[in-house]
Every structure is written in structure tokens, then in C-alpha cells.
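Geometric and topological summary
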Amino acid sequence: MSEIEIRPLGFDTPVAQTLIRATMADLGVRYGGSGDETPIDHTEFVPPYGEFLVAHLDGEPVGCAGWRSHGADAAELKRMYTTPAVRGRGVARALLAAIEESARRHGRKRIILECGDRQPEAVALYTSAGYERIANFGYYADAPGCLSFGRTL
């Protein structure tokens, strides 16, 4: 198996934006519309208030994830994605671990996220990594099918 490399990369860089467009397309297929309407500003992903990471396999960008501040001591996971060709190869799990480490390194004590009920692979990943259901929050808090999770770091 090839080694997964995960590196910080600006949210607004071309590589990151290509992966984010793929994320939105995937969500659009699952839920309709443009994917995710949550307001996001690229500056939210600049340390120490957030960070955006890109996973590479064999030198190619194959996944991304970011976190942004949510209150004084929590991080919110956003834009978690892996390309279909590498799913099941540990990329998402490695990205999640890297996001948690980044958030911890920047003083966050908890990580939260929202996803939807049409993302069973994401729900399986989060629950297997120790995430538990929490009260819905954020842009989709009142949307049917919204699932929110949290974990102490």
C-alpha cells in the first residue's frame, strides 16, 4: 500500500478548491442542489483558528478536510472528502486523525461536525472513531436528515 501524506494547504488554493468542488458535487448527488450552502470564508481555516489539510497518495491529491473554530475551545470539521478511487484505503481515517491532532495542537478540546443521513460511510467512520451524536447545530440544524456528532480530543 502506498503511503498517505497529509499536508496543510490554503483553503483558497487551486488544489484545495478542486477537491472542494468534488465534495460539493458528491453532496449534490446525495442531497440535490449545490451540495452544502453553509457559509464559509477561507480565512476561517488559517491557524490558530483553523486549518485545511490535503491528503496525497502517490503524489496525487486524493482527499481533504478542514477545521474552523467553534466557540472558545471547540473545532468544527468541514469539507471532509476522499476521491471515490481511494475510498476504503484508510485516507479518510488518516485525514480525521490529522484534523484532530491539528485542532488539539491549537488548543481545541472538542471537535464537532454535521453530516447527513445519506452519508452512511461518513457516519460509520465517525462512530468507529469514537464520535457520539450531539444536538444538531449550525446551518442545517433544523434540516431533515441532519446528523451532528462530537468527540472530546
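Attention in this report is confined to the structure presented alongside it. (Residues numbered from 1 in each chain as written. Predicted model: local features only at pLDDT ≥ 70, side-chain atom pairs only at ≥ 80, totals over all residues. Heavy atoms only, no water.)

This brings us to the pairing of strand β7 (residues 146-152). Counting buried residues in β7 gives five out of seven residues, a clear majority hidden from the surface. Where strand β5 (residues 110-116) and β7 come together, seven bridges link them in antiparallel fashion. For I111, the partnering residue across the bridge sits in β7 and is R151. Pairing analysis gives three bridges linking strand β6 (residues 132-134) to β7, with the strands arranged antiparallel. (Buried < 20%, exposed > 50% of the residue type's maximum accessible area, 1.4 Å probe, protein only. Helix = DSSP H or I, 4+ residues; strand = E, 2+ residues; numbered from the N terminus. Pairing = 2+ DSSP bridges.)

Relative orientation and spacing of two packed helices are given, respectively, by the angle between their axes and the distance between those axes. Axis separation between helix α2 (residues 91-105) and helix α3 (residues 120-128) bottoms out at 11 Å; the angle between their running directions is 50 degrees. Overall, the two elements α2 and α3 adopt an arrangement that is oblique. Where α2 crosses over α3, the handedness of that crossing is right-handed. Two secondary-structure elements touch here, α2 through A92, R93 and L96 and α3 through L125, Y126 and S128. The residue inventory of the contact of α2 with α3, partitioned by class, reads four nonpolar, one polar and one charged. (Axes fitted to C-alpha atoms, helices over the stretch in contact; angles between N-to-C directions. Parallel < 35°, antiparallel > 145°, perpendicular 65-115°, else oblique. Left-handed = near helix turned anticlockwise from the far one by under 90°. Contact = heavy atoms within 4.5 Å. Nonpolar A, V, L, I, M, F, W, Y, C, P; charged D, E, K, R; others polar.)

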